[in-house]
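Here are the chains, one letter per residue:
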Amino acid sequence: MVAKLTWAVVFLALAHPAFVPPVLGALGLVVAAVVATVGWVLANLSLTLTIGAGVLLARTFPNTARNATRWLFRALVASVAVVFPRTA
């Protein structure tokens, strides 16, 4: 896929040199969005896994979605409390 995309950009550059900067800019934005998403998931792995567990519980036990939502909210509050403990 990367090779085809590279050839497409090369042929675009040969045919229409003025279109190259906007196309490369758009590709840069797409790459930046993917890198930011992967970085966010890796930086917030516990939150991501907590949300995934909540979704899995909601799909496995569809009648108890309220309990899964309550559990997810409690886990989210607990994870935030660990990072930002109350100071009194």
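Rules behind the numbers
Residues numbered from 1 in each chain as written. Predicted model: local features only at pLDDT ≥ 70, side-chain atom pairs only at ≥ 80, totals over all residues. Heavy atoms only, no water. Helix = DSSP H or I, 4+ residues; strand = E, 2+ residues; numbered from the N terminus. Rg over C-alpha atoms; globule rule 2.2 N^0.38 Å. Buried < 20%, exposed > 50% of the residue type's maximum accessible area, 1.4 Å probe, protein only. Axes fitted to C-alpha atoms, helices over the stretch in contact; angles between N-to-C directions. Parallel < 35°, antiparallel > 145°, perpendicular 65-115°, else oblique. Contact = heavy atoms within 4.5 Å. Nonpolar A, V, L, I, M, F, W, Y, C, P; charged D, E, K, R; others polar. pLDDT = per-residue confidence, 0-100.

A.B. asks: I'd like a rundown of the overall build of the chain, residues and numbers included.
C.D. replies: On a plain count of helices and strands, the chain comes out with 4 helices and 0 strands. Ordering the α and β elements of the chain from the N terminus gives α-α-α-α. Here the chain has a C-alpha radius of gyration of 22 Å; the compact-globule value for 88 residues is 12 Å, and the former is much larger. If you line up the chain on its principal axes, its C-alpha atoms span 60 × 40 × 15 Å. Burial statistics for the chain: of 88 residues in total, 6% are counted as buried.

A.B. asks: Outline the packing of helix 2 (residues 20-43) against helix 3 (residues 45-60), listing residues and values.
C.D. replies: At a closest axis distance of 5 Å, the pairing of helix 2 and helix 3 adopts a crossing angle of 85°. One element, helix 2, and the other, helix 3, form an angle in the roughly perpendicular class. Here Trp40, Val41, Leu42 and Ala43 of helix 2 lie close against helix 3, whose contacting residues are Leu45, Leu47 and Thr48. Tallied by class, the residues present in the contact of helix 2 with helix 3 amount to 6 nonpolar, 1 polar and no charged.

A.B. asks: I'd like a description of the environment of Thr6, backed by residues and values.
C.D. replies: When you line up the elements, Thr6 lands in helix 1 (residues 2-15). Relative accessible area serves as the criterion here: at 43%, Thr6 is assigned to the partly exposed category.

A.B. asks: Quick one: what's the story with the packing of helix 1 against helix 2, residue by residue and with numbers?
C.D. replies: Running from amino to carboxyl end, helix 1 crosses helix 2 at an angle of 155°, the nearest separation of the two axes being 10 Å. When the interaxial angle is binned, helix 1 and helix 2 end up roughly antiparallel. For the pair helix 1 and helix 2, contact is made by Leu5, Val9, Leu12 and Ala13 and by Val20, Val23, Leu24 and Leu27, respectively.

A.B. asks: Just give me the short version of the confidence of the model for the chain, but keep the residues and values in it.
C.D. replies: Considering every residue of the chain, the mean pLDDT works out to 83; 97% of them sit at 70 or more. The lowest-confidence element of the chain is helix 4 (residues 65-83), averaging 81 in pLDDT; the highest-confidence one is helix 2, averaging 88.

A.B. asks: Which residues make up the side chain of Thr50, and what values do they have?
C.D. replies: For Thr50, the position within the fold is in helix 3. Exposure remark for Thr50: the relative accessible area of 18% places this residue in the buried category. Those residues in contact with Thr50, other than ones at most four positions away along the chain, are Trp71, Leu72 and Ala75.

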